[in-house]
Amino acid sequence: MKFTRINKLNGELCIPGDKSVSHRSIMLGSLAEGITEVHGFLNSADCMASMNCFRNMGIDISYDGNIVTINGKGLHGLKESPVTLDVGNSGTTTRLMSGILAAQDFTSRITGDASICKRPMKRIMTPLSLMGADITSELENDCTPLIIKGKKLHGISYNSPVASAQVKSCILLAGLYAAGETSVTEPYISRNHTELMFDSFGVPVQVSGNTVTVKPADKLYGQKIVVPGDISSAAYFIVAGLITPNSSITIKNVGINPTRDGIIEVVKKMGGNITFSNISSDVGEPTADITIRTSSLKGCVIEGEIIPKLIDEIPIIAVLACFAEGTTIIKDAAELKVKESNRIDMMVDNLAAMGADITATDDGMIINGGKTLHGTTVDCKLDHRIAMSFSIAGLNADGETKIIGSEIINTSYPGFFDDLASIMN
Ligand code: S3P
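Residues numbered from 1 in each chain as written. Predicted model: local features only at pLDDT ≥ 70, side-chain atom pairs only at ≥ 80, totals over all residues. Heavy atoms only, no water.

Description of helix α8 (residues 262–269)
Helical geometry: 3.6 residues make up each α-helical turn, so side chains three or four residues apart lie on a common side. Within the span of α8, buried status applies to G262, I263, I264, V266 and V267. If you follow the buried residues of α8, they end up packed against α7 (231–243), β16 (273–280), β17 (287–293), β18 (301–302) and α9 (314–322). Phi for G271, located one or two positions after α8, is positive at around 90 degrees. (Buried < 20%, exposed > 50% of the residue type's maximum accessible area, 1.4 Å probe, protein only. Helix = DSSP H or I, 4+ residues; strand = E, 2+ residues; numbered from the N terminus. Contact = heavy atoms within 4.5 Å.)

Right, dumping it as structure tokens:
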């Protein structure tokens, strides 16, 4: 894909469903008894990987492109997959599903693409092993392929060294099957979609400060789930609207769960013109329509407990910071190094190649905004968020920005380029 400078973005769009909520709907719907209907499911490669894994374990799941219907077989209804479970590029599928597989009465093998096979799995292998699981890395490098031999589990109180919803959710899912109570304490609160969805499927969850506790479940009840629009996908348009001259964009039905809304706080702190309408919390997660207009921005410090609330948005926030007056410092974000790519290096190297004043640090980056960007070639290395971030940067740079491997956007947002084109006229 190639991008050149534009002078305006205008219009309204409805971004697709939340990736995190969509994955969880497949998993809990499969473990529930009876029918779960999912509205607004994200039709992307990552979420389809979750769907196909559970189909391979004997769950009848139909999808008409609009509604996903899951015929749940209960907590003990999964069957051994006749094939290796293929998670593609999806860390969420890998880590959450491992928590479920650890407690089944069969053995599973999980693998995925070149990016997933480099991502750290020790962070789930350690707590699951403490619960009595038998989980090993086939190549003994703490990455996929993983072999999980189902075992009887027992509850633990786990102090997670990282604020990670994938780690927390993996342990909580295993906790559904474990004898006794299971609790996870995080350094900062990570996204709470699992806890919210447990509650709606009839599993009591206790939350106290940064600690979440579950007891073994008897039964999950099939549900209707309405998936909100993904704020992590909306983020590209939020930033595009702020930095592109003469722009006004309204994004409809965006999920604004307070454990995910860090980008909104940052945009406000930087002086962005962002307004909300149609705020609703009628079904499931809270949503709003968000309107953004071209703004004069100033740099800010982003650190501490806000980091998990915007971890996936940091690549596009780095682009935003290039268009702000003054310095933006991003700290406490070493987790960026173990995402679909090393997102500190990818953002720093490629934005620097575009002419930005940006320096990598151990746990983030420092950006002195205000330099004019010019086009370059970016190899996005199987990272969808890098592809989308540099598309927006390219629309606000001199010359041509070429993105290699941009089809990886299909993992989270297959219609991204079409949606972008729809507001370029
Ligand atoms: C996710 C949690 C986050 C996030 C990922 C989705 C989830 O990962 O980066 O895109 O759905 O639980 P970590 O838990 O590794 O921070």
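Quick look at the site of the ligand
Around the ligand, the structure places K19, S20, R24, T92, R95, S164, A165, Q166, R191, I311, D312 and K339. Taking S20, its side chain carries an N or O atom lying 2.7 Å from an oxygen atom of the ligand. Interatomic distance of 2.7 Å between a side-chain N/O atom of S164 and an oxygen atom of the ligand. In isolation the ligand offers 390 Å² of accessible surface; the protein chains occlude 95% of this area. Of all the elements in the fold, those that place two or more residues in the shell around the ligand are α1 (19–31), α3 (91–101) and α5 (165–175). The element contributing the most residues to the shell around the ligand is α1, with three residues. Within the shell around the ligand, the residues separate by chemical class into two nonpolar, four polar and six charged. (Near = heavy atom within 4 Å. Polar contact = N/O pair within 3.5 Å; in protein donor to acceptor, adjacent residues only side chain to side chain. Areas by Shrake-Rupley, 256 points an atom, 1.4 Å probe, with all protein chains shown as cover. Nonpolar A, V, L, I, M, F, W, Y, C, P; charged D, E, K, R; others polar.)

Things to note about the pattern of salt bridges
In the structure shown here, the tally under the stated rule is 16 salt bridges. Linking R109 and E138 is a salt bridge whose minimum nitrogen-to-oxygen distance equals 2.7 Å. Taken together, the residues span a long stretch of sequence, with R109 in strand β7 (residues 107–111) and E138 in the loop between β8 (134–137) and β9 (146–149) at a distance of 29 residues. We classify E138 as partly exposed; its relative accessible area is 36%. Across the pair R119 and E340 runs a salt bridge, and its minimum N-O distance is 3.8 Å. Here R119, found in the loop between β7 and α4 (122–130), pairs with E340, found in the loop between β19 (327–330) and α10 (343–353); they are 221 residues apart in sequence, far enough to count as distant. As far as burial versus exposure is concerned, R119 and E340 are alike and both buried. Through salt bridges with shared partners, one network takes in R119, R191, D312, E340, R343 and D383. (Salt bridge = Lys/Arg side-chain N within 4 Å of Asp/Glu carboxyl O.)

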